[in-house]
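Geometric and topological summary
Read off the chains here:
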Amino acid sequence: MRFVLTTLSLTLALVSVAVPAQENEARENARAAAIAAAKAAGKETTVSMEEPARSYFDWGAVIHPSGEIMSVRSGSVAAAMGLRTGDRLLQVDELKFSGQALTDIIAYLEGLEHGSEVTAVVARGEQTQTLAGTVVATVIPGWRLEVDVGNEQASIADSKACGRISVFATPPQTRDLYPAYFAEIDGENPPPRRSIIKLSPGTHVIELHELISDPWVRRKKGIQQAKAIEIDIKADTTYYLAAKFVREKRLSTFKEEYWEPVVWREIKQECEGD
């Protein structure tokens, strides 16, 4: 006997870690694993791994190919609609079960958008009933991991204690934050091809160039100007830097007022100077 479940098979397991220390450790382990894998494969350029955001709808009922409802999961949309074990599915919205492949019905259910209405016509004993409900979809967030194999962190710290500045991680564009790269650090050129740099604790002036990809950006002709941000570096702390797109000044090319360097994230992370 063959049973069909209206549940997608997921290949991605998402773990939400509440403790920042565990989150940082997991991130560093993932980065180290990606670097090791890339080097083992002989790659020398940036390695990117990503999964797009996606959603799916799990109706919550197990359906026999004959249309009989074999089970209904407690708390599911099917249960909320009033579907019962022993019901025989006749129709879902405009799709009639008679002559319709069960896989098509399931594919239709899985493709419904969050918040949309769904109806099911079932035979229950000698009666026919129409059940209605609202789709509650499950959203799997997208993720992206970037590793520059040839771009390990550099150190210009002059003490054993240190903190880090980083333009390695991709900032969230939903907050108008975009990548940047180092132009100068305390008036000196930074180590080439480095996106993570160790610095001694204390106040440092970091100049950045923006890499804003928003189509509304209006740049003046000629060499783009670097902008400075002053950061009081604390020991065992990593500061993630980005270019903040100032949307309301997108047409202002004078002094490049359309952007500014910012620290968009700050985490505690052990650091030892060279």
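Provided above is the structure to which this section pertains.
Below or above, wherever it landed, is the structure these notes cover.

Criteria and cut-off values
Residues numbered from 1 in each chain as written. Predicted model: local features only at pLDDT ≥ 70, side-chain atom pairs only at ≥ 80, totals over all residues. Heavy atoms only, no water. Helix = DSSP H or I, 4+ residues; strand = E, 2+ residues; numbered from the N terminus. Buried < 20%, exposed > 50% of the residue type's maximum accessible area, 1.4 Å probe, protein only. Contact = heavy atoms within 4.5 Å. Areas by Shrake-Rupley, 256 points an atom, 1.4 Å probe, with all protein chains shown as cover. Pairing = 2+ DSSP bridges. Axes fitted to C-alpha atoms, helices over the stretch in contact; angles between N-to-C directions. Salt bridge = Lys/Arg side-chain N within 4 Å of Asp/Glu carboxyl O. Polar contact = N/O pair within 3.5 Å; in protein donor to acceptor, adjacent residues only side chain to side chain. Core = buried A, V, L, I, M, F, W, Y, C linked by side-chain atoms within 4.5 Å. Arc of directions from axis to C-beta. Phe/Tyr/Trp six-rings, centres within 6.5 Å; stacked < 30°, edge-to-face > 60°.

The next thing to look at is the overall build of the protein chain. The secondary structure content of the protein chain amounts to three helices and 20 strands. Relative to its full complement of 274 residues, the protein chain shows a buried share of 39%. A sequence separation of at least 24 residues applies to 68% of the contacts in the protein chain between residues at least 6 apart. For the protein chain, the computed accessible surface area is about 15,700 Å², with 51% contributed by carbon and sulfur atoms.

Spatially, S15-S17-S18 is the arrangement adopted by the three strands of the open sheet, whose pairing is antiparallel. Two strands close off the open sheet at either side, each with one partner strand: strand S15 (180-185) and strand S18 (227-233). On average, each strand axis in the sheet is tilted by 40° relative to the strand beside it, whichever way the strands run. In terms of strand pairing, S15 meets strand S17 (residues 202-210) through five bridges, oriented antiparallel. The residue bridging Ile185 from the neighbouring strand is Ile206, located in S17.

The tally for this structure, following the rule as stated, stands at five salt bridges. As a salt-bridge pair, Asp232 and Lys234 come within 2.9 Å of each other at their nearest N and O atoms. Given a relative accessible area of 44%, Lys234 falls into the partly exposed group. Each of Asp176, Asp214 and Arg247 takes part in a single network of salt bridges with overlapping partners.

Let's shift gears to the side chain of Asp214. Here Asp214 lies in the loop between S17 and S18. Here the side chain of Asp214 touches Tyr178 through a polar contact of 3.3 Å, side chain to side chain. Only 2.8 Å separates the side chain of Asp214 from the backbone nitrogen of Trp216, close enough to count as a polar contact. Sequence-distant contacts of Asp214, that is, excluding residues within four places in its chain, are made with Tyr178, Phe245 and Arg247.

A word on the nonpolar core. Core analysis: the largest hydrophobic core is formed by 22 residues, its most contacted members being Trp59, Leu83, Leu89 and Leu109. For this core, the secondary structure elements donating two or more residues are strand S4 (61-63), helix H2 (77-81), strand S6 (88-92), helix H3 (102-110) and strand S8 (117-124). With four residues, the top contributor of residues to this core is H3. In this structure, Ile212, Leu241, Phe245 and Tyr258 belong to the second largest nonpolar core, which totals 21 residues.

Looking now at H3. The α-helix advances 3.6 residues per turn, and as a result positions three or four apart in sequence lie on the same side. What H3 keeps buried is the set Leu102, Ile105, Ile106, Leu109 and Glu110. Taken around the axis of H3, the buried residues stretch over an arc of 130°, which confines them to a single face.

Our next topic: the packing of aromatic side chains. For the coordinates displayed, the defined rule picks out one aromatic pair. Between Tyr240 and Trp264, the aromatic rings sit 5.9 Å apart at their centres with planes inclined by 50°, giving tilted as the arrangement. Taken together, the positions of Tyr240 in strand S19 (residues 237-245) and Trp264 in strand S20 (residues 259-268) put the pair 24 residues apart, joining distant regions of the chain. For Tyr240, a relative accessible area of 7% corresponds to the buried category. Among the residues examined, Trp264 registers a relative accessible area of 16% and is labelled buried.

Turning next to the environment of Arg265. Counting through the fold element by element, Arg265 comes out in strand S20. Under the relative-accessibility criterion, Arg265 is labelled partly exposed at 25%. Taking the C-alpha atoms as reference points, Arg265 and Ser166, separated by 99 residues in sequence, lie 9.8 Å from one another.

By themselves, these are just geometric observations and shouldn't be taken as functional.
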